[in-house]
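# Examination of the molecular architecture
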Amino acid sequence: MNQTAIDQKIDEILGREDRYDRAAYKFVAQAVTFTVGRLPAHRHVSALELLYGLRDFARQEYGPMAAMVLNAWGLKSASDVGRIVYLLIDAKLLSASPEDDPTDFDVEFQLADDDSSPADTPLPPLPRID
């Protein structure tokens, strides 16, 4: 599927569901690709595997700004990710296995590292060089 067709499908989704930014849909789809791509063999991933992959992808792409970026797009919880995943599935941009269910994303999960934690964590003392 070409980028124009993908954008048109996302436009259709945005016409029905506008609580998430366009970038959130693209990011979740990219996070799926990222997550599957780091597996030893191509296979379906579970909701939890996707959430971990999404967090790692957000960390890689946005570093300490990841939480702020995801929040700006409306991605505040695992269920937000699940909602986007299932909207992308309905639009035929992603696929699901028969065992998958939207409630698989109804878990407590921190989508991005707390952007305040690295600065608030004291650094270990440097070794003395004499």
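Residues numbered from 1 in each chain as written. Predicted model: local features only at pLDDT ≥ 70, side-chain atom pairs only at ≥ 80, totals over all residues. Heavy atoms only, no water.

## Let's talk about the packing of aromatic side chains
Following the criterion strictly, the structure yields 7 aromatic pairs and no others. Between the aromatic rings of Y20 and Y25, the centroid separation amounts to 6.3 Å while the plane-to-plane angle is 80 degrees, which identifies the pairing as edge-to-face. One exposure class covers both Y20 and Y25, and it is buried. Here the aromatic rings of Y52 and F109 are separated by 4.9 Å at their centres, their planes lie at 90 degrees, and the arrangement is edge-to-face. Remark: F109 occurs in the loop between α5 (78-90) and α6 (117-120) and Y52 occurs in helix α3 (residues 47-62); sequence separation between them is 57 residues. Residue class for Y52 comes out partly exposed when judged on its relative accessible area of 41%. A connected cluster of aromatic rings, assembled from ring pairs, spans F27, F34, F57, Y62 and W73. (Phe/Tyr/Trp six-rings, centres within 6.5 Å; stacked < 30°, edge-to-face > 60°. Buried < 20%, exposed > 50% of the residue type's maximum accessible area, 1.4 Å probe, protein only. Helix = DSSP H or I, 4+ residues; strand = E, 2+ residues; numbered from the N terminus.)

## Points about the layout of surface pockets
Its volume calculated, the largest pocket comes out at about 330 Å³. V32, H44, V45, S95 and D100 are, among the 20 residues lining the largest pocket, the residues nearest its centre. Within the residue set of the lining of the largest pocket, elements represented by two or more residues are α2 (22-37), α3 and α5. The class makeup of the residues in the lining of the largest pocket is 11 nonpolar, 5 polar and 4 charged. (1 Å grid on protein atoms, 1.4 Å probe; cavity = no way out; pocket = protein on both sides within 12 Å on 5 of 7 lines; lining within 4 Å. Points joined across faces, edges and corners; volume = space filled by probe spheres on them. Nonpolar A, V, L, I, M, F, W, Y, C, P; charged D, E, K, R; others polar.)

## Some points on α3
For α3, with 16 residues, the first-to-last C-alpha span of 22 Å sits near the 22 Å given by 1.5 Å per residue. Inspection of α3 places A47, L50, L51, G53, L54, R55, F57 and A58 among the buried residues, and these make up the whole buried set. Against α2, α4 (66-72) and α5 lie the buried residues of α3. (Expected span 1.5 Å × (residues − 1). Contact = heavy atoms within 4.5 Å.)

## Let's talk about a nonpolar patch on the surface
A surface patch of nonpolar side chains, amounting to about 260 Å² of accessible area, comprises L48, Y52 and V107. In this fold, L48 is placed in helix α3. On the basis of relative accessibility, which here comes to 44%, the residue L48 falls in the partly exposed class. (Patch = residues over 30% accessible without salt bridge, like charges linked within 9 Å, V, L, I, M, F, W, Y side chains within 5 Å. Areas by Shrake-Rupley, 256 points an atom, 1.4 Å probe, with all protein chains shown as cover. Salt bridge = Lys/Arg side-chain N within 4 Å of Asp/Glu carboxyl O.)

## Description of the environment of V69
With respect to the helices and strands, the residue V69 is situated in helix α4. Put simply, V69 and A112 are 43 residues apart on the chain and 9.5 Å apart in space, counted from C-alpha to C-alpha.

## Describing the pattern of salt bridges
Per the stated rule, a full pass over the model turns up 8 salt bridges. Of the charged contacts in the structure, one is a salt bridge between R22 and D11, with a shortest N-O distance of 2.0 Å. Taken as a pair, R22 in helix α2 and D11 in helix α1 (residues 3-16) lie far apart in primary sequence, 11 residues in all. Residue D11 is classed as partly exposed on the basis of its relative accessible area of 39%. Ionic pairing is found between E17 and R19, a salt bridge with its closest N-O pair at 2.9 Å. Connected through shared salt-bridge partners, R38, D56, R59 and D113 make up one network.

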